[in-house]
Each structure stands twice: as structure tokens, then as C-alpha cells.
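# Geometric and topological summary
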Amino acid sequence: MLLRLSGFHITQLLKGFFGTAVSILLLLVLSVHPVSAKTHVVKMGTDRGILAFEPSTLTIEIGDTVKWINNRAFPHNVVFDRRAPDAVRHHSQKRLLASPSIEITEIFDDVPPGKYTYHCLPHRGGGMSATLIVRE
């Protein structure tokens, strides 16, 4: 024999209660996840053909992606300075990109916060260097 309360079965009330509780719990769990990571674009060689990274300083959060795009005055590459920690230096790409629009993409999810300098090996003497600032 089923008990009735205002025309509803108690089992229906319990299902509704637990369904709502589970929904609230999922909402709370999902709401504490960090904001999704961003992708930042850096041009290698300016639109005017100047030997520079554009922007010359980029600030990212841990977990963000940086996409370097071969723009003008190539070949280019991305090499972090020797003073940078190994976790940062392993993101260096020493291979020269000799065609337009070729990309280097790196996800910085394993690096400590800090300020890191990188350069293009063939154009370092011409001042082609930039700074990557990684924040928590």
C-alpha cells in the first residue's frame, strides 16, 4: 500500500528531492572549476617586416596557450634564454620556420610563474627578442 500526500506518491517526492539535490551538487562542483585557458597569438616579424615579436611582452596565466605565427622577414624560431628553468626552456622550438603562416603552439601548463625572455636565434643580433610573463 502506497502512502499519498496531497495526491503525490512519497516515492515521487523522494525522486524529486534527490534529483534536485544531485543537480545542486553538480552545479556547485562545476562552478568551482577555473576559467578556461586562453590562446594568445604572437606574430614573428611585424606586418611592416621589422625583426620583432609582436607583442614584445605577453602576460599569460598558467595553462594558457601561446601560438607564434610566422608573419614576415622569416625564417624564425622561438628559443627561451638559458637562465629560464628547464620547465620553460623545453617550450623552445629551435627548428627554423621558413614559410609564411607556419605556427608554433605551446601550452604553458607546467611552468612556474615568472618573467622569461625568448628570442629568434637567427635574428637575435638584430634585437628580435621578447618577454613572456607567466602568472598563477
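Before reading further, recall that the structure is shown in the block above.
Overview of the structure. This structure is a prediction, so every number in the text was calculated from the model and none was measured.

## Remarks on the overall build of the chain
- Counting secondary structure elements, the chain contains two helices and eleven strands.
- Starting at the N terminus, the α and β elements of the chain follow one another as β-β-α-β-β-β-β-β-α-β-β-β-β.
- For the chain, with 136 residues in total, the buried portion stands at 30%.
- The long-range share in the chain, meaning contacts at least 24 apart out of those at least 6 apart in sequence, stands at 63%.

## Structural notes on the nonpolar core
- Residues Phe53, Trp68, Phe80, Tyr118 and Leu132 are the most contacted members of the largest nonpolar core, which totals 22 residues.
- Counting residues per element, the ones that place at least two in this core are β3 (39–44), β5 (57–61), β6 (65–70), β7 (76–80), β10 (114–119) and β11 (129–135).
- Looking at which element gives the most residues to this core, the answer is β11, with three residues.
- Aside from chain neighbours lying at most four places away, what touches leucine 132 is Leu58, Ile60, Val66, Phe80, Phe108, Gly114, Lys115, Tyr116 and Tyr118.

## Describing the pairing of β7
- For β7, the buried fraction is high: five of the five residues fall into the buried class.
- The two faces of β7 match: His76, Val78 and Phe80 on one face and Asn77 and Val79 on the other face are all buried.
- Bridge count for β7 against strand β8 (residues 93–97) is two bridges, and the pairing is antiparallel. Each bridged residue has a counterpart across the sheet, and for histidine 76 the counterpart in β8 is leucine 97.
- Strand direction decides the pairing type here: β7 and β10, joined by two bridges, are antiparallel. What sits directly across from phenylalanine 80, in β10, is tyrosine 118.

## Looking at the sheet that holds β11
- Spatially, β5-β11-β10-β7-β8 is the arrangement adopted by the five strands of the open sheet, whose pairing is mixed. A single partner strand is all that each edge strand has here, and the edge strands are β5 and β8. Direction aside, neighbouring strands of the sheet carry axes that sit 25° apart on average.

## Here we look at the pattern of salt bridges
- For the structure shown, the criterion picks out six salt bridges.
- Here lysine 67 makes a salt bridge to glutamate 103, at a shortest N to O gap of 3.9 Å. Here glutamate 103 lies in strand β9 (residues 103–107) and lysine 67 lies in strand β6, a separation of 36 residues in the sequence.
- Judged by its relative accessible area of 41%, glutamate 103 falls in the partly exposed class.
- With a closest N to O distance of 3.5 Å, arginine 124 and aspartate 81 form a salt bridge. You can see arginine 124 sitting in the loop between β10 and β11 and its partner aspartate 81 sitting in the loop between β7 and α2 (86–89), a full 43 residues away along the chain.
- The class of arginine 124 is partly exposed, set by a relative accessible area of 47%.
- A single salt-bridge network, built from bridges that share partners, covers Asp81, Arg83 and Arg124.

## Examining the pairing of β6
- Direction of pairing for β3 relative to β6: parallel, over a ladder of six bridges. Within β6, the residue paired with histidine 40 across the bridge is valine 66.

## Remarks on the side chain of asparagine 70
- Within the fold, asparagine 70 resides in strand β6.
- In this structure the side chain of asparagine 70 is engaged in a polar contact, spanning 2.9 Å, whose partner is the backbone oxygen of leucine 97.

Calculation notes
Residues numbered from 1 in each chain as written. Predicted model: local features only at pLDDT ≥ 70, side-chain atom pairs only at ≥ 80, totals over all residues. Heavy atoms only, no water. Helix = DSSP H or I, 4+ residues; strand = E, 2+ residues; numbered from the N terminus. Buried < 20%, exposed > 50% of the residue type's maximum accessible area, 1.4 Å probe, protein only. Contact = heavy atoms within 4.5 Å. Core = buried A, V, L, I, M, F, W, Y, C linked by side-chain atoms within 4.5 Å. Pairing = 2+ DSSP bridges. Axes fitted to C-alpha atoms, helices over the stretch in contact; angles between N-to-C directions. Salt bridge = Lys/Arg side-chain N within 4 Å of Asp/Glu carboxyl O. Polar contact = N/O pair within 3.5 Å; in protein donor to acceptor, adjacent residues only side chain to side chain.

By themselves these figures say nothing about function.
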